[in-house]
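Coordinate inspection notes
Each chain is listed here by its residues.
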Amino acid sequence: MKPIYTRSVIRFFISLLLCVFISETIVMLIVGVLPKLSRWGTALFDAFLLLIFLLPIFYVLTNRLFAAVVAGYKLAIGELVKLRKATDSSGEIIFLTDKAGVFTFINPMFTATYGYTAAEIIGKVTPRVFKSGMSTVEYYKGFWKRLLDGEGVRIEYTNKKKDGTLIDVESFASAIFDEDGEVVGFLGLQRDITERKRLQEVLLHSEEKYRSLFEANADGIVILVKKTLAILHSNPAIHRMFGYTKEEFDRLNVAKLHPKEDLSDITAKIESAFIGRVDSVFNIPCLHKRGAVFYADIIGGRITVDGQECVMGIFRDATPRRLAEESLRLSEERYRKLFESSRDAIMTLAPPTWNFTSGNEATVKMFGVENEVIFTALGPGVLSPESQPDGRSSADK
């Protein structure tokens, strides 16, 4: 019983006792001063006085009690209306069952998700509706046992829609108790997580794919945390490049990967990569575990990993390129020495005009010009006679 009703009833009985006491006191006083009344006369007079006192009090109290009851019912009905609107507009699947698991209420989201209307589902037992065939009998027994023990159960499982489609749901179920603590029914809340599970599966495969690319890449890859420049991730290629195991490498920082004398310049380039000013840098000196210095070309860029600002560096060992460049340089030097020291005239021409592009010292002397610059300014037609020994025009040849 509500407190407001209890207080009204208590006030009613207290007022009733007061009225009886007052009427009896008045009767005793009047009987003492009036001529002696008969027993019936005294009783009638007593009843008459009691009625006079009780009627107004009874009217006021019962009116207040009725008003309190009406207000209480209005409040309860208002709360029920709000609750019904909330369940009807909820994006969650909401349903009620009795103690035997028979549906007594479903909200519109239930119909939108499972395809059953209230007329089709009310009075049906939940397992017969939801059962997808993917859960065992023991599973359902354990589920209902936990509910009957008064435990709230939160799980994910697969249910079946009206059209036979299987969906993944996140479910919470709990018992409803009466005033005596007895289970009288159950409340079920569910959310369709089929799409979320699908996206999780896609992301998992995507992560596995990119993880494979990361691990198998022939170039060394390292990811540094912006704030500390600590190594967050690294791939096997960079471990081999620097001569460390993964455990050893991931405990290092930038200072351990480059010679001390080049560290300030390299740190500045890393910071530039964080603000997007540098994409690629070449011939960066790196420090091998054994202490040897080697050179790498690095492509840098900003990325976000697990909510942290990072920079990713892709290292390619520049040693093969540097060896090729050195070999080419030496070859050019040897060619230049042979070209310049030869006693035979050697010159080069470039198509399609076939103008001279170079000439050695013997060529300059042969054609009687002051230097190579003047020689290359002259075209073959200027230095050639009008006709060749065979009689053909030099221009034709």
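Residues numbered from 1 in each chain as written. Predicted model: local features only at pLDDT ≥ 70, side-chain atom pairs only at ≥ 80, totals over all residues. Heavy atoms only, no water.

Structural notes on unusual backbone geometry
Trans peptide bonds make up most of the peptide bonds, and negative phi angles are found at most residues other than glycine. Operational definition: Segments assigned H or I by DSSP are reported as helices when at least four residues long, segments assigned E as strands when at least two residues long, and all are numbered from the N terminus. Type-normalised accessible area, obtained with a 1.4 Å probe on protein chains alone, sets the label of each residue: buried when under 20%, exposed when over 50%, and partly exposed for intermediate values.
For the peptide bond that leads from Pro351 to Pro352, omega is 5°, which places it in the cis range. Position of Pro352 among the secondary structure elements: in the loop between strand 11 (347-350) and strand 12 (355-359). Even without glycine at this site, Asn283 takes up a positive phi of about 55°. Residue Asn283 is classed as partly exposed on the basis of its relative accessible area, which comes to 31%.

Considering the packing of aromatic side chains
Definition in use: Geometry of aromatic contacts follows a simple scheme: Phe, Tyr and Trp rings, the Trp one being its six-membered ring, pair when their centres are within 6.5 Å, and the pair is stacked under 30 degrees between planes, edge-to-face over 60, tilted otherwise. Any Lys NZ or Arg CZ found within 6 Å of a ring centre and within 35 degrees of that ring's normal is scored as a charge over the ring.
All told, the structure shown has 11 aromatic pairs when counted by the stated rule. Ring geometry for Phe110 against Tyr114: centres 5.0 Å apart, planes inclined by 40°, an arrangement best described as tilted. Here Tyr114 and Phe110 lie together in helix 3 (residues 108-114), a separation of four residues that amounts to about one turn. Of the residues examined, Phe110 reaches a relative accessible area of 0% and is grouped as buried. Accessibility expressed as a relative area gives 1% for Tyr114, which makes it buried. Cluster of aromatic residues (ring-pair linked, three or more members): Phe242, Tyr244, Phe249, Phe294 and Phe315. Residue placement shows Arg322 over the ring face of Tyr295; its charged tip is 3.9 Å from the ring centre.

Here's the deal with the pattern of salt bridges
Condition: Throughout this description, the term salt bridge denotes a Lys or Arg side-chain nitrogen within 4 Å of a carboxyl oxygen of Asp or Glu.
By the definition in use, this model includes 20 salt bridges. Linking Glu248 and Lys289 is a salt bridge whose minimum nitrogen-to-oxygen distance equals 3.3 Å. You can see Glu248 sitting in helix 9 (residues 246-250) and its partner Lys289 sitting in the loop between strand 8 (280-287) and strand 9 (293-305), a full 41 residues away along the chain. A relative accessible area of 25% means that Glu248 is categorised as partly exposed.

Concerning the pairing of strand 3 (residues 153-160)
What counts is decided by this rule: Should DSSP find at least two bridges between two strands, the strands are regarded as paired.
Note: strand 3 against strand 4 (residues 166-177), eight bridges, orientation antiparallel. Each bridged residue has a counterpart across the sheet, and for Glu156 the counterpart in strand 4 is Glu170. The hairpin turn running from strand 3 into strand 4, its antiparallel successor, is five residues long, and Gly164 in that turn takes a positive phi close to 95°.

Some words on a negative patch on the surface
Put simply, the rule is: A residue counts toward a patch only above 30% relative accessible area and without a salt bridge, and it is joined to like-charged neighbours within 9 Å or, for Val, Leu, Ile, Met, Phe, Trp and Tyr, to nonpolar neighbours within 5 Å. All accessibility values rest on the Shrake-Rupley procedure with a 1.4 Å probe; residue burial counts only the protein chains present in the view. We score Asp and Glu as negative and Lys and Arg as positive, and we do not count His or the chain ends. Every charge is mapped onto a representative atom, which is NZ of Lys, CZ of Arg, CG of Asp or CD of Glu.
Taken together, the side chains of Asp178, Glu179, Asp180 and Glu182 define an acidic patch exposed on the protein surface. By the element assignment, Glu179 lies in the loop between strand 4 and strand 5 (183-192).

Comments concerning the pairing of strand 11
For strand 11 and strand 12, the ladder comprises four bridges, and the chain directions are antiparallel. Within strand 12, the residue paired with Met347 across the bridge is Gly359. Hairpin connection of strand 11 to strand 12: four residues between the antiparallel strands, including Trp354 at a positive phi of 60°.

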